[in-house]
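An overview of the molecular structure
What follows is the residue order along each chain.
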Amino acid sequence: MRLLLIHSDYIEYETKKDTPIAEKIDESFKKDRLEEALTVFIAVESVDEEGKDEVIKKSIEEIKKAVKQINTNRIMLYPYAHLSSELSSPKFAVDVLKELETILSKDYEVARAPFGWYKAFRISCKGHPLSELSKTIVPEKSEKDEIVSEALKAEDVAQSYWKIMTPDGELHDVESFDFKNHKNLKKFVDYEITKSRKVEEAPPHVELMKRLELADYEPASDSGNMRYYPKGRLIKSLLETYVLESSVENGAMEVETPLMYDMNHPTLKKYLDRFPARQYSIESDKRHLFLRFAACFGQFLMNHDMTISYKNLPMKMIEMTRYSFRREQRGELVGLRRLRAFTMPDMHTMCSDMDQAIEQFGDQYNTCIETLDNIGLNIDDYEVAIRFTRDFYDQNRTFINSLAETVNKPVLVEMWDTRFFYFVLKFEFNFVDAIEKASALSTVQIDVENSERYDIKYTNTEGELTRPIMLHCCPSGAIERCIYALLEKASMDSEKGKPPMLPVWLSPTQVRILPISTRHLGYAEEVAEQLNARVDIDDREDSVGKKIRDAGREWIPYVVVIGDKEVESGNINVTIRSESQQNKPVKKEMSVNELNKKIHEETSSMPFRNLPLPKYVSQRPKFI
RNA sequence: GCCGUUGUGGCUUAGUCCGGUAUAGCGGCUGAUUCGUAAUCAGCAGGUCGAGGGUUCGAAUCCCUCCGACGGCUCCA
C-alpha cells in the first residue's frame, strides 16, 4: 500500500463521472470538504492482498502517528491509483478503504472520497516540514510467502501406517520384518520411513552426466533447469520416443496442451489445492499464470469439452511433457535426480467405473514393469511402494495382494486412515541410488476426485451422463530420472568390477572404429558403411592406446580396431564392453555381419536415431 | 526456504590459516611422430581467482551482501 499524507488547510472534491469499477454511492457522498485535515492519498497494491489485516493495521499506525504529529482531528481518505503501478483488485481496494474508514472513525472525524470515480479536487498544503509524508507498506512475508496447497498441509498431519507386504499378501510390521535377503528394500524403507541419511557425498551420476557430455547445469537459468548436450539430447529423445510409441501401441492417443494456465481459473484453482507441489508463477499483463507441473490440466480440460460414450472407454491420452515444472525446494535439487523443469510422460485413462479402473491399474502396473525393463532397469533395480486408503484396501484386498505377487518380492505398503490426496490407490517404483537415496520412477494412481472437479462425463449404456474414474500413469517416470537411474546403476556396476555402460540402444556411439594409422582410414570407412548402427571413426592422430582409452571412457559398447591384419583378412576385431571385466577386455574376431546381427538382436525392438555428432571424432568440439 | 560446507583458465587443481595480482596436469593450437588395445614427444596460447561492495599503500587470501554447487531438514516423477 502506498500512502501520501498531506496536512492541508482544506481538501475538497467533487465526483465528475463514474468508471466501470466505481463503487455505488449516495448523492451526499458525491461532494465533500474538510477544513484543517490530514489528507491521506491511498493506493492499495496487489501485494496487499496477501496480508490484508496486517497492511490495514500498519497503515492505521502510520496515519495515527501523522495525525498526532500535526495535531488535528480530521482525516480525508482519498483513493489515488496513480501512486502505484501494481494495484490490487478494485473490490479488495474498496474493502480496505472501508475498513480503514470504520476503524479510524472510532477516534477521528473521517471522510472518504468514493472509489472509482473521476473527481475534481482542490487541496491546500500547509507546507511545514511535517506536512507531506509518503509511506510504503508491504505485508511482512509477502515476498517469500508462497502458496502452499492444502494437500501439502494435509500431508503434514495425516496418519499413515507402514507395512511390508510379502508376495503371499501377508502384512508384516516394518520393525520386525527380516530384511536379510532384501537389502535394497531396507534402504528404501529407511529412506521412506526412518529417514536415515548416512551419506555426505554427491551422487555419482552428477559427475558422469558431465563427463559423458550428456547434461549440465545452466547457471544462467533457474536451478534445476538443465542444458543437454547432443549425446544427452539423443538419449532423451530415444527414451521419449520409446515411451510415447509403446503407449500409443497400447492404445493411448498423443495430445499436446499448454505449458501455462490461469491461476484464477476456478477449476484449476481447486486442483492446485489438491496437488502436493509448488509452482512457478508468472505475471503477464493482468493475468497470474502458473507453469504446469503435469499434463493433467490440459488433458482434463480437453476431456471436459469432449463427447464420450461408454464405448470409448477405457480411453487413454498421453503427452510427453517437455516440460513439467515444479518449484522444488533449493536443497532438493541434485543433478538429474530432481529438477525444476523435467520431461514426463503423463497418461490419463478414463474408466467407466471402479471395476474398469482396477483392471486398467493392473494392466498398467505390468506395462510399467515392462517399460522400465526395456529402458534397462529391471525389477531388481527398484523397490515397489503401494499406497492406499484403508477403505480401499478393505474392499480390494485380493487385487492389492496380486500386485506384490506379480513382482514376487516384498513391497512397502502405506495405508492412510483418510484420503487427503485425490487418489485412493497408487503405486510407485522407486529407484535406490548409489548413495542410498530413493526416488520414484513409474507410478499409477486411481483418481476419484477430478472428474467431478473438471466436470468430465461420459454417456453410459442407459444414455445417462456419468462421472468416470480417472487413472494417472507415468509409465517410465521422468525421462531425466531414467537417465539418472541408468547412470547410477552403471556407477554401482563399476563398484562391483563391471565396466559401466548404458544399454546399447541408448549408447550415443554404438560402434567406434579405430584405424591404427591414417592409411587404414579408407577401410575403416568401408566397415562403417556396412554397419547398421551409430558408428563413428576415431581419425585423430593419436596412439592406439590413447584412442582405446578414450573409447572406454565414453562407455562405447563395441570398439573395432582396424589395421593391416583386418584389411587382409576382411574380418574385424571387436572389443565387447558388456562381456569385459575391468582391466580384462574381451576381444572377439568376427565378420561385419556378425556384429550387425549382434547389435540388431540387442536393439531392434527399440527406437533408433542417427549419430548426434560428426562421424569423425577429430571434427567434434568439446562441450566440457 | 533454513542450517552447514564450498566456488581459482574449458576440465581437474596448488596457493587462502600467516595479504605483496597465481601452480601444475588434462584439453586446445603448432610442429615432429603413422603407431596393434587404458594417456607419444616438444613448443605456444589461455586466468578481471563466482559477482558486487568494504578494510588496506596493496586482496584469490581479511570483512559484508548476493549468486551457484554439494550435504542435512522437508518433499516428489
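If you're wondering where the values come from, they're calculated on a predicted model, not measured in any experiment.

Put simply, side chains in a regular strand alternate between the two faces of the sheet. Judged by how many residues are buried, strand 17 (residues 382-389) sits mostly within the fold: eight of eight residues are covered. Here strand 17 shows two buried faces, one formed by Tyr382, Val384, Ile386 and Phe388 and the other by Glu383, Ala385, Arg387 and Thr389. Sheet topology places strand 17 next to strand 19 (residues 423-432); seven bridges connect them, and they run antiparallel. Bridge assignment links Ala385 to a residue of strand 19, and that residue is Glu428.

Here we take up the protein's contact with RNA strand B. Taken together, 56 residues sit near RNA strand B, with Tyr217, Arg330, Arg338, Ala440 and Leu441 positioned nearest. For RNA strand B, the backbone portion of the atoms within 4 Å of the protein, that is sugar and phosphate, comes to 46%. Between RNA strand B and the protein, one listed contact pairs a phosphate oxygen with a side-chain N or O atom of Arg330 at 2.3 Å. Note that a base oxygen of RNA strand B is positioned 2.6 Å from one of the backbone N or O atoms of Asp564.

What follows is about the pattern of salt bridges. Counting across every chain of the model gives 46 salt bridges. The salt bridge involving Arg338 is made with Glu332; its shortest N-O contact spans 3.3 Å. A salt bridge links Arg337 to Asp433, with the shortest nitrogen-to-oxygen separation between them at 2.9 Å. Of this pair, Arg337 sits in the loop between strand 15 (315-325) and strand 16 (341-351) while Asp433 sits in the loop between strand 19 and strand 20 (438-447), and the two are 96 residues apart along the sequence. In the salt-bridge network here, residues are joined through shared partners; they are Glu192, Arg387, Glu414, Lys426 and Glu428.

A separate point is the domain arrangement of chain A. According to the domain assignment, chain A consists of domain 1 (2-136), domain 2 (160-169 + 182-487) and domain 3 (504-619). In this structure, domain 1 and domain 3 have C-alpha centres spaced 79 Å apart.

Averaged over every residue, the pLDDT of chain A is 88; the share at 70 or more is 93%. This model gives residues 141-147 a pLDDT under 50, and the stretch forms six contacts once residues within four places in sequence are excluded. This complex was scored by the predictor with a pTM of 0.79 and an ipTM of 0.89.

Attention now goes to the sheet that holds strand 27 (residues 572-581). Strand order across the open sheet formed by five strands is 25-24-26-27-28, with mixed pairing between neighbours. Strands at the two margins of the open sheet, each flanked by one partner only, are strand 25 (535-537) and strand 28 (584-590). Adjacent strand axes in the sheet meet at a mean angle of 25 degrees when their direction is disregarded. Taken together, the three bridges between strand 24 (residues 511-515) and strand 25 define a ladder with parallel strand orientation. Paired with Ile513 across the strands is Ile537, a residue of strand 25. The sheet strands contacting helix 15 (residues 544-553) are strand 24, strand 26 (558-562) and strand 27, and the helix crosses strand 24 at an angle near 170 degrees.

About the thresholds
- Residues numbered from 1 in each chain as written.
- Chains lettered and ligands numbered in written order.
- Predicted model: local features only at pLDDT ≥ 70, side-chain atom pairs only at ≥ 80, totals over all residues.
- Heavy atoms only, no water.
- Buried < 20%, exposed > 50% of the residue type's maximum accessible area, 1.4 Å probe, protein only.
- Helix = DSSP H or I, 4+ residues; strand = E, 2+ residues; numbered from the N terminus.
- Pairing = 2+ DSSP bridges.
- Near = heavy atom within 4 Å.
- Polar contact = N/O pair within 3.5 Å; in protein donor to acceptor, adjacent residues only side chain to side chain.
- Salt bridge = Lys/Arg side-chain N within 4 Å of Asp/Glu carboxyl O.
- Domains from an automatic or database assignment.
- pLDDT = per-residue confidence, 0-100.
- Contact = heavy atoms within 4.5 Å.
- Axes fitted to C-alpha atoms, helices over the stretch in contact; angles between N-to-C directions.

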